[in-house]
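# Structural features, examined
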Amino acid sequence: MGEQRFRAAQAMKWIYGDYQLDFHQFTNFSKDLRQKMADHFDTTVPELISEHVSNDGTIKWLLKMDSDNAIETVYIPEKNRGTLCVSSQVGCSLNCTFCATGAQGFNRHLSTAEIIAQVWVAAKQLNHGTKNRRITNVVMMGMGEPLANYDRVLPALNIMRDDHGFGFANKRVTVSTSGLVPQIRQLNKDADVSLAVSLHAPNDALREQLVPLNKKYNIDSLLSACREFVAGKKKARITFEYTVIGGVNDGAQQAHDLTRLLRDIPCKINLIPFNPFPGTRFQSPNAKKVDQFKEICMAAGYICTVRKTRGDDIAAACGQLAGEFMDRTRRSAMYGADTSKRPLEVR
Ligand code: SAH
Ligand code: SF4
């Protein structure tokens, strides 16, 4: 609006530092400027519909985005950190066959404001109530595929890392993708954040069944983009997420194949035991199989962790987020619960 640059920093400090959304309370602004801000900008934050606290301390918030759409944001407290799992879309169009969000279909993208507001509301809920807990990490692992909503996600990633915003260190902001290769390359140019890649299978035949997007961008092309992403970055590693599904991708041979596949990429492997949801045809893996898988990866020299299932009593675990919305695509009705029969669209 032709104001001086430092006003932007002041405004951000009010909003993200003091949680002040009323421009008329911006006391270091002139009365005229306060009014001008109020005339031009909207600081309405999504309404909190519900808050569920799990037995393990995980908190899930349902946030109303508009009259038809609500999304979920999850806080996962751990000993030395607190991770916020942020959504990027209402639903998801990529139809991974083992994911509750995918099974819901796609409704719409979230705006930059709706993405960053999740961090704002969560931080406010955590620090301004009785619970004095902190968010140290943000992962774009909630509902939706963040790189399918690139233009709105990128500015949100910037506000998360800006000193006048939330000030998170680059490596503490992670984008998780099911493998949109061109957008991985673009992200590498635009933002120095951490990357997690949902691989789930060591070969194309199996990955295509789990992640239909693999038909468009196969494992070879995905891993090339991953190599480029870490090239020249000190200590950078890709996190490969591998949802371990009982009897599907949990075999010893698959673990060995995975270790060979990732041999020349600086990375770590994060195993996520499959979390069931209503209507799924898949099963959780046997704990012994997960251990065996992990041992094989570690014996091959990888850092390999098993993601603890958190918040499953409140349906907040990985792959269980479904939000509440009208499925305008009505895919559940058209194709039934078997998500593999649905057509693939990237929107
Ligand atoms: N769309 C992005 C980020 C959201 S999903 C992506 O796919 O990477 C976050 C992680 O949870 C992904 O690795 C996803 O594959 C995994 N996931 C999805 N459904 C799951 C389920 N039912 N059980 C365990 N993990 C699941
Ligand atoms: Fe979408 Fe990720 Fe779920 Fe696949 S796993 S359907 S990309 S949210």
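## Points about the site of ligand 2
Around ligand 2, the neighbouring residues are Cys92, Leu94, Asn95, Cys96, Cys99, Gly102, Gly144, Glu145 and Ser178. Looking at the shell around ligand 2, its residues break down into 4 nonpolar, 4 polar and 1 charged.

## Some remarks on the confidence of the model for the protein
The predicted model of the protein averages 91 in pLDDT, with 92% of residues at 70 or higher. Counted against residues more than four places away or in other chains, residues 327-347, with its pLDDT under 50, gives 54 contacts.

## Let's talk about the pattern of salt bridges
Scanning the model with the defined rule gives 9 salt bridges in all. Among the salt bridges present, the one from lysine 60 reaches glutamate 72, with a minimum N-O distance of 3.1 Å. Separated by 12 residues along the polypeptide, lysine 60 in strand E2 (residues 59-66) and glutamate 72 in strand E3 (residues 69-77) bring together distant segments of the chain. The residue glutamate 228 makes a salt bridge to arginine 185 at a minimum N-O spacing of 2.7 Å. Residue glutamate 228 is found in helix H8 (residues 219-230), and its partner arginine 185 is found in helix H6 (residues 181-190); the two are separated by 43 residues along the sequence. Under the relative-accessibility criterion, arginine 185 is labelled partly exposed at 32%. Within this structure, Asp66, Arg108 and Glu114 form a network of salt bridges that share partners.

## Observations regarding a positive patch on the surface
A contiguous patch of positive charge, built from Arg134, Lys171, Arg172, Lys234 and Lys235, is present on the exposed surface. As for its position among the elements, lysine 235 is in the loop between H8 and strand E10 (238-244). Residue classification places lysine 235 among the exposed residues on the basis of a relative accessible area of 82%.

## Concerning the site of ligand 1
Not every one of the 20 residues close to ligand 1 is listed here, only the nearest: Phe98, Ser176, Ser198, His200 and Asn275. Glycine 144 is positioned with one of its backbone polar atoms (N or O) 2.9 Å from a nitrogen atom of ligand 1. Its free accessible area being 530 Å², ligand 1 has 95% of it covered by the protein chains. Only strand E8 (173-177), E10 and strand E11 (267-273) provide two or more residues apiece to the shell around ligand 1. Of the residues that constitute the shell around ligand 1, the class distribution is 8 nonpolar, 10 polar and 2 charged.

## Brief notes about H8
In a regular helix each residue adds 1.5 Å, so 12 residues correspond to 16 Å; H8 covers 17 Å between its end C-alpha atoms and thus fits that length. Among all positions of H8, only Ile219, Leu222, Leu223, Ala225, Cys226, Phe229 and Val230 are buried. Mapping the buried residues of H8 onto a view down its axis gives an arc of 155 degrees, with all of them on the same face. Packing partners of the buried residues in H8 comprise H6, strand E9 (194-198), helix H7 (204-210), E10 and helix H9 (252-261). Phi turns positive one or two residues past the end of H8, at glycine 232, with a value near 75 degrees.

## Notes on the pairing of strand E1 (residues 47-53)
In this sheet, E2 lies alongside E1 in antiparallel orientation, the contact comprising 6 bridges. Paired with glutamate 47 across the bridge in E2 is lysine 64. The antiparallel pairing of E1 with E2 creates a hairpin that spans 5 residues between the two strands, and glycine 57 there sits at a positive phi of about 95 degrees.

## A word on the pairing of strand E4 (residues 82-85)
If a strand is regular, its side chains alternate between the two faces of the sheet. Residues Gly82 and Leu84 point to one face of E4 and Thr83 and Cys85 to the other, with burial holding for every one of them. Where E3 meets E4, 4 bridges bridge the pair, whose relative direction is antiparallel. Residue valine 74 lies in a different strand from E4, and its bridge partner there is cysteine 85.

## A word on the packing of helix H5 (residues 150-161) against H6
Close contact between H5 and H6 brings their axes to 12 Å; oriented N to C, the two are set at 30 degrees. One finds that H5 runs roughly parallel with respect to H6. Where H5 crosses over H6, the handedness of that crossing is right-handed. Facing Tyr150, Leu154 and Leu157 of H5, the residues of H6 in contact are Gln183, Gln186, Leu187 and Asp190.

## Thoughts on unusual backbone geometry
The backbone phi angle of tyrosine 19 is positive, close to 55 degrees, even though this residue is not glycine. Here tyrosine 19 shows up in the loop between helix H1 (6-17) and helix H2 (31-40). Residue classification places tyrosine 19 among the buried residues on the basis of a relative accessible area of 15%. Even without a glycine there, the phi angle at lysine 235 is positive, about 60 degrees.

## Re the packing of aromatic side chains
Under the counting rule described, the total for this entry stands at 10 aromatic pairs. Ring geometry for tyrosine 16 against phenylalanine 166: centres 5.1 Å apart, planes inclined by 65 degrees, an arrangement best described as edge-to-face. Within this pair, whereas tyrosine 16 is found in helix H1, its partner phenylalanine 166 is found in the loop between H5 and E8, the two being separated by 150 residues in sequence. In this pair, the class of tyrosine 16 matches that of phenylalanine 166, namely buried. Aromatic ring contacts, followed pair by pair, group Trp14, Phe23, Phe26, Phe29 and Phe41 into a single cluster. The ring of phenylalanine 229 has lysine 233 sitting right over it, with the charged end atom 3.7 Å from the ring centre.

Parameters and conventions
- Residues numbered from 1 in each chain as written.
- Chains lettered and ligands numbered in written order.
- Predicted model: local features only at pLDDT ≥ 70, side-chain atom pairs only at ≥ 80, totals over all residues.
- Heavy atoms only, no water.
- Near = heavy atom within 4 Å.
- Nonpolar A, V, L, I, M, F, W, Y, C, P; charged D, E, K, R; others polar.
- pLDDT = per-residue confidence, 0-100.
- Contact = heavy atoms within 4.5 Å.
- Salt bridge = Lys/Arg side-chain N within 4 Å of Asp/Glu carboxyl O.
- Helix = DSSP H or I, 4+ residues; strand = E, 2+ residues; numbered from the N terminus.
- Buried < 20%, exposed > 50% of the residue type's maximum accessible area, 1.4 Å probe, protein only.
- Patch = residues over 30% accessible without salt bridge, like charges linked within 9 Å, V, L, I, M, F, W, Y side chains within 5 Å.
- Areas by Shrake-Rupley, 256 points an atom, 1.4 Å probe, with all protein chains shown as cover.
- Lys, Arg positive; Asp, Glu negative; His and termini not counted.
- Charge placed at Lys NZ, Arg CZ, Asp CG, Glu CD.
- Polar contact = N/O pair within 3.5 Å; in protein donor to acceptor, adjacent residues only side chain to side chain.
- Expected span 1.5 Å × (residues − 1).
- Arc of directions from axis to C-beta.
- Pairing = 2+ DSSP bridges.
- Axes fitted to C-alpha atoms, helices over the stretch in contact; angles between N-to-C directions.
- Parallel < 35°, antiparallel > 145°, perpendicular 65-115°, else oblique.
- Left-handed = near helix turned anticlockwise from the far one by under 90°.
- Phe/Tyr/Trp six-rings, centres within 6.5 Å; stacked < 30°, edge-to-face > 60°.
- Lys NZ or Arg CZ within 6 Å of the ring centre and 35° of its normal.

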